[in-house]
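Survey of secondary and tertiary structure
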Amino acid sequence: MRIILIGFMGSGKSTVAKLLAAKLGLRVVEMDEELLELSDYKSIPEIFEQKGETFFRELELQVAKNLMSVDGIVISAGGGVVMNKLTMDYLKENGVTVFLQTDFNEISQRLEQSDNRPLFRGINAAKKLFDLRAPLYEYYSDIIVETNKLPVDKVVRDMLKKMEAKI
Ligand code: S3P
């Protein structure tokens, strides 16, 4: 089984992935961590600064390809995976995609302190990116789960209910 969590930065993918994986006896794969391991860089901002976004998206595609042969995992995807159709095609292969839907206001509050996200450095630019991506998350998702003001265990419960209903 493979579950792929998608959604904007700050939508809670990593936190939800941990609880979900624990409940289902699966392993968590953080795409950003896999990607760093593939690269010679120490941090995501460093990759963006030195090589740019296109290079980053290529690494992301490579990670998605590598994960095609791995089963029994919850994949916490980077917020930008939906920018590359090929990456999404690989991720969706034999997997269920879940979109963690969160309002921009809540996201901007959650990310106020974050300095590890090169694409969330100005509220206006981030909002534009959010609006651009919102329809893509919907398009690529098999299931949509709302996360606004909800504790993580409630999000996971809602997700499992929706997954059961689909099977
Ligand atoms: C990105 C989201 C980040 C990370 C990189 C680019 C994006 O992951 O992959 O900074 O384009 O939205 P998170 O969604 O885990 O913050």
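Reading the values: rules and limits
Residues numbered from 1 in each chain as written. Predicted model: local features only at pLDDT ≥ 70, side-chain atom pairs only at ≥ 80, totals over all residues. Heavy atoms only, no water. Phe/Tyr/Trp six-rings, centres within 6.5 Å; stacked < 30°, edge-to-face > 60°. Helix = DSSP H or I, 4+ residues; strand = E, 2+ residues; numbered from the N terminus. Buried < 20%, exposed > 50% of the residue type's maximum accessible area, 1.4 Å probe, protein only. Core = buried A, V, L, I, M, F, W, Y, C linked by side-chain atoms within 4.5 Å. Contact = heavy atoms within 4.5 Å. Near = heavy atom within 4 Å. Polar contact = N/O pair within 3.5 Å; in protein donor to acceptor, adjacent residues only side chain to side chain. Areas by Shrake-Rupley, 256 points an atom, 1.4 Å probe, with all protein chains shown as cover. Pairing = 2+ DSSP bridges. Axes fitted to C-alpha atoms, helices over the stretch in contact; angles between N-to-C directions.

Notes on the packing of aromatic side chains
For the structure shown, the criterion picks out eight aromatic pairs. Between Phe99 and Tyr137, the ring centres sit 5.2 Å apart and the planes meet at 25°, which makes this aromatic pair stacked. One end of the pair, Phe99, is in strand E4 (residues 96–101); the other, Tyr137, is in helix H7 (residues 123–140), with 38 residues separating them in the sequence. For Phe99, a relative accessible area of 5% puts it in the buried group. Measuring from ring centre to ring centre gives 5.3 Å for Phe104 and Phe130, while their planes differ by 65°; the resulting arrangement is edge-to-face. Here Phe130 lies in helix H7 and Phe104 lies in helix H6 (residues 104–110), a separation of 26 residues in the sequence. By the burial criterion, Phe104 is buried, and Phe130 matches it.

A few points about the nonpolar core
Most often, soluble globular proteins have nonpolar side chains that are buried together. Ranked by internal contacts, the top residues of the largest apolar core, which has 33 residues, are Ile6, Phe8, Met31, Val81, Leu91 and Phe120. Among the secondary structure elements, those contributing two or more residues to this core are strand E1 (2–6), helix H2 (31–38), helix H3 (44–51), helix H4 (53–66), strand E3 (73–76), helix H5 (85–92), H6 and H7. Here this core gets five residues from one element, more than from any other, and that element is H7. Excluding anything up to four places from it in sequence, Leu91 contacts Arg2, Ile4, Met31, Ala64, Ile75 and Val81. One finds Leu5, Leu26, Val145 and Leu160 within the second-largest nonpolar core, a separate group that totals 17 residues.

Digging into the site of the ligand
Taken together, 14 residues lie around the ligand, and Lys13, Arg57, Gly79, Arg117 and Arg133 are the ones closest in. The contact in question runs from an oxygen atom of the ligand to an N or O atom on the side chain of Asp32, over 2.8 Å. One of the side-chain nitrogen or oxygen atoms of Arg57 is found 2.7 Å away from an oxygen atom of the ligand. Computed on the free molecule, the ligand has an accessible area of 380 Å², of which 95% lies beneath the protein chains in the complex. Of all the secondary structure elements, the ones that give two or more residues to the shell around the ligand are H3 and H4.

What about the sheet that holds E1?
The parallel open sheet is built from five strands, whose spatial order is E2-E3-E1-E4-E5. In the strand order of this sheet, the two ends are held by strand E2 (27–30) and strand E5 (143–146), each with one partner. When the angles between neighbouring strand axes are averaged without regard to direction, this sheet yields 25°. Examined bridge by bridge, E1 and E3 share four bridges and lie parallel to one another. Within E3, the position partnered with Arg2 by the bridge is Ile73. The strands touched by H2 within the sheet are E2 and E3, with E2 carrying the most contacts at an inclination of about 60°. Of the strands in this sheet, E1, E3 and E4 are in contact with H5, which crosses E1 at around 145°.

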